Every structure is written in structure tokens, then in C-alpha cells.
Amino acid sequence: MKKIVSLLLCVVLTISLTACSGSGKEADPGQGTASGGGGEVTLTMWAHQNEPWNAAYTDAIAAFEAENEGIHIQLELFPYDEFEAKVQTSLIDGEGGADIYEMWGGWALDFTPHNTLLAMPDDFAARIQEETYAPTYGALMNEGKLYGVPLEFNIENGAMLVNLGLLEANELEVPTTWEELKSAAVAGTVYDGNVFQVKGFDFVNWDSVPYYFLSLILQQGSNYLTEDGRFDVTTKEAKKAFDELAAMVTEDKVTDLEGLTGGGDLEGYQQLFAGRCMMVPRGPWTISEGIESFGMELGKDFDYAAMPWYGEKQGFASETGWSLAVSASCKEQEAAMKFIEYLYEDEVMLDLNIRCTQIPSKRSLAESAEYQEAMPYTKVLVDILDQAQFIGTFNTDRLKETVNDTFVGYCSGDYASVDEAVEDLNTKLNAILE
């Protein structure tokens, strides 16, 4: 999950001159509503602090308001680390909060069964399911109904950042096979005593360990879920995948556990931009930070390359990313839906994703010449999007926490064997489903 929190946005920002405490309200009671005849309506929208996304939302709101006289969108922004809890509290309580929510797709699982979100109209829902990739809306579905609009294809598999200077210094080329990846990672790792100067391949972070654990299982032709939706990570393929990743920490020593245990001043991908990592698997959202915050030049200082597949079968799991939903308690649902549908329009969604270096949820946009011209480095990902499966209907934050904790424990010697580690992991993962 993306956690870009702007240091400049340290307090709640509001975009609107009109205050509103919760569900959409008429600015002038008695004069009608924008959806029903001539009045002023102000809708509150909540989102997380992220400079590119916030700027894109601001421009989209201005354009929408210019086309829809009488409807005003008040955008309120919150630090990412506080945002999920705030959304949960407001929707579970059913009072206050916002009319329109930006939410991470997996959060919707907490709300869709409890009628706290507005179901999308059937015709609009059918259109979304036809036009977007399945993982982008999987978590927004409940009993055949769709409760939000996916904005992006969230992907943390399939590609990696490569520091070209470090690669060249070691007379290495971008690896194209898994064995080449491991060999290059070992060759590119540099120590000063027991301290890393350069990590060859730093995959140890909140997203990559769980995602690549699951993808390595899938690439061996197996699965981490049974037909009835239970976890099974005790298969020989799962054990091999878990051990393969752990060996890069404990045996090859191309990275350490810092990305999960703390102590580092920068995340792995940021360390790559600072010249302290050679290869790091991450999503395309990291690229803009390398350019804007570190002054790196894509194609010259660093590249975004295809991540080698582990097995003969191509496959990976993807969770539903950033989406928009309407509160079921919103008093101006017609106006709110009008704004939601506006952000789903091709031109608006394309602009939003290009500015935020994301992949659009719509297949036609991701594969379009306009998108590829603006973001050519995403082609390595767009080419494999059809190989993705929806990760599953469970809390993905809890999945990541459980996998990461077990991985750290195994690498630290807390388990006698990989069998013991995956048995414990399997029990804990299935507890998530209870």
C-alpha cells in the first residue's frame, strides 16, 4: 500500500469556502437542491494527504463545479496514518463524517456488509465490471452489489527499480531470470564490516514480502487459497516460496530485515535513489519521488524494469487500491453520484493516474496510446495485468502484518524449520477470516 505522506500537509486542509459537518446539506434551505431544482449543495469529500493526488483532485473538483452549477465539493485531507481509523469511526457510527470517501479498497470489506456505503446503480456497476480489471473492484463487491468506483490498478508485483549507476559499477546488466536476479544481487551487495554499504536486492518491506510470497506460490502453479476460500500455505510450493525469500536474507545476505523491523532513515526504494540499494521491487508510484525528491533521471540514473518470474507460470495477486465511495447516509446522493461518475470519465481518470504515476483501473485507458506515451515505463506492468488474480476477500493489512511478522521470526531463528513457520502462519492467516 502506498504511504506517501507530504510533510507540507501536516494539518487537515479544506478546499471550499463553505463549511459542512457531514452529509451533504443545502447551503440555502428552502430553495431546493442541485439535484432537485436550483439550490446550492455542498458535499464533503475525505481523502488522504498525498500531494499529487490532492492536486489532481483539486483540479478535477474545480472542473466539475464549473460544469455543475450549484454543486460544491469540500475536500478535507487527513494524514494517511490517521485516515483509515477516521473513515472506520465515521462509517461505523453512521453519523457525521463525509458524503464521499476516498478509501483503500480493502477497507470496504468492513463496510459493504453493513449498509454504510451506497450501492452503485446496477447499470453503472455492470459497466465498471466490464471496463475495469477484476482485482480493482474485487473488495468493493458484496452479494452481487458494487459499493464503490476503483480509480487505479494497485500493483506491487512485476517490476523493480534499478540503480543504473550501481549496476554499471559492478559490470552487471538488468537480470531477466530469477537466477540472474540472485546472482546480480550478490555481486552488487557491498559491506563495510557487517554494515551494508549497498544492498543488492532489497525486497524486505511491508508490501513486497507478502506479495512476492503469494506470487511465488502462484508462479509454481499452486494457490494460497482453497476452493472454499480458506488459506493453505502449508503446500510444498508455499514452503519453497517462503524459504526462497528468507534465504536471500539469511544465506545470500543481499538485504536485511530493516524494512520491517525499523531503524532505517529511508525506505528501500528511497535508499536506491540515494545510491544505497541496487534493485528494489516496488510499484510505479515510487518513480515520481525519485525524479522530484531525489533529482534522479529515469533512464539515465535509474530504470523501471521487468521483475523476473520465479516459475514457468506467470501470476500474481493484487488487491483493490484507491477507490471512491458514497456514504449511505449522504442526503444528496444524486449529486454525489454525479461527482463519482465524473471522476470515472476517461479524460478525468486518465489525468488523475498520469499525474500520480498510477495505472488506471480501466483496461482501455491502461492500454491506450495516450497513457503509454505519458508513462512508457509502465508497459512492463500493463503487459502482465491480465495475469493478476484478486487477492481475496479479507483484510489485507492483517494479512501483510501476519506474513511479515512470521517472516521476521523465521529469518531471526524463532522457528525450528520452514514447516513449523508455515504451519504457524497458516493458523494465523485463517484466524483473519473468522
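Residues numbered from 1 in each chain as written. Predicted model: local features only at pLDDT ≥ 70, side-chain atom pairs only at ≥ 80, totals over all residues. Heavy atoms only, no water.

Chemist: Which residues make up the overall build of the protein, and what values do they have?
Modeler: Tallying secondary structure elements over the protein gives 18 helices and 16 strands in all. Taking 434 residues into account, the globule formula puts the C-alpha radius of gyration at 22 Å, and the protein, at 22 Å, falls close to it. C-alpha atoms of the protein, sized along the principal axes, occupy 75 × 45 × 40 Å. For the protein, the residues scored as buried account for 56% of the 434 residues in total. (Helix = DSSP H or I, 4+ residues; strand = E, 2+ residues; numbered from the N terminus. Rg over C-alpha atoms; globule rule 2.2 N^0.38 Å. Buried < 20%, exposed > 50% of the residue type's maximum accessible area, 1.4 Å probe, protein only.)

Chemist: Lay out the pattern of salt bridges in plain terms, naming residues and giving numbers.
Modeler: Two side chains of opposite charge can pair, provided their charged atoms sit close to one another. Enumeration according to the criterion identifies 21 salt bridges in this entry. As a salt-bridge pair, D419 and K239 come within 2.7 Å of each other at their nearest N and O atoms. Here D419 is found in helix α18 (residues 418-432), whereas its partner K239 is found in helix α8 (residues 236-250), with 180 residues between them in sequence. Note on D419: relative accessible area 36%, which makes it partly exposed. Taking relative accessible area as the criterion, K239 reaches 22% and is therefore assigned partly exposed. Across the pair R282 and E267 runs a salt bridge whose closest N-O atoms are separated by 3.6 Å. Of the two residues, R282 is situated in the loop between β12 (277-281) and α11 (287-292) and E267 in the loop between α9 (258-261) and α10 (268-273); the sequence distance between them amounts to 15 residues. When its relative accessible area of 4% is taken as the criterion, R282 is described as buried. Accessibility expressed as a relative area gives 35% for E267, which makes it partly exposed. Three or more residues joined by partner-sharing salt bridges are found here, namely E156, D207, E267, R282, E319 and K400. (Salt bridge = Lys/Arg side-chain N within 4 Å of Asp/Glu carboxyl O.)

Chemist: Describe unusual backbone geometry, with residues and values.
Modeler: Glycine aside, a negative phi is what most residues show, and trans is what most peptide bonds show. The phi dihedral of E171 is positive, around 55°, even though this residue is not glycine. Here E171 lies in the loop between α5 (164-169) and α6 (178-188). We classify E171 as exposed; its relative accessible area is 77%. The phi angle at T357 is positive, at roughly 45°, despite the residue not being glycine. Positionally, T357 belongs in the loop between α13 (346-355) and α14 (363-366). With a relative accessible area of 8%, T357 lands in the buried category.

Chemist: Before we move on, can you summarise the state of the cysteines with the specific residues and values?
Modeler: When the sulfur atoms of two cysteines share a covalent bond, that bond is a disulfide. Under the counting rule described, the total for this entry stands at zero disulfides. The closest cysteine sulfur to the non-disulfide-bonded C277 is located on C411, 16 Å from its own sulfur. With a relative accessible area of 0%, C277 lands in the buried category. (Disulfide = S-S within 2.5 Å.)

Chemist: Tell me what's going on with the sheet that holds strand β13 (residues 302-306), and back it up with residues and numbers.
Modeler: The strand order across the open sheet formed by five strands is β10-β11-β12-β9-β13, and the pairing between neighbours is mixed. If you trace the sheet from one side to the other, it starts and ends with β10 (190-192) and β13, each paired once. Neighbour-to-neighbour, the strand axes of the sheet open up by a mean angle of 25°, direction not taken into account. Packed on one face of the sheet, α6 meets β9 (159-163), β10, β11 (195-201) and β12 and runs near 145° to β12. (Pairing = 2+ DSSP bridges. Axes fitted to C-alpha atoms, helices over the stretch in contact; angles between N-to-C directions. Contact = heavy atoms within 4.5 Å.)

Chemist: Before we move on, could you go through a negative patch on the surface and cite the residues and values that matter?
Modeler: Taken together, the side chains of E67, D123, E341, E345, E347, E370 and E373 present a region of like negative charge at the surface. Counting through the fold element by element, E370 comes out in helix α15 (residues 369-374). (Patch = residues over 30% accessible without salt bridge, like charges linked within 9 Å, V, L, I, M, F, W, Y side chains within 5 Å. Areas by Shrake-Rupley, 256 points an atom, 1.4 Å probe, with all protein chains shown as cover. Lys, Arg positive; Asp, Glu negative; His and termini not counted. Charge placed at Lys NZ, Arg CZ, Asp CG, Glu CD.)

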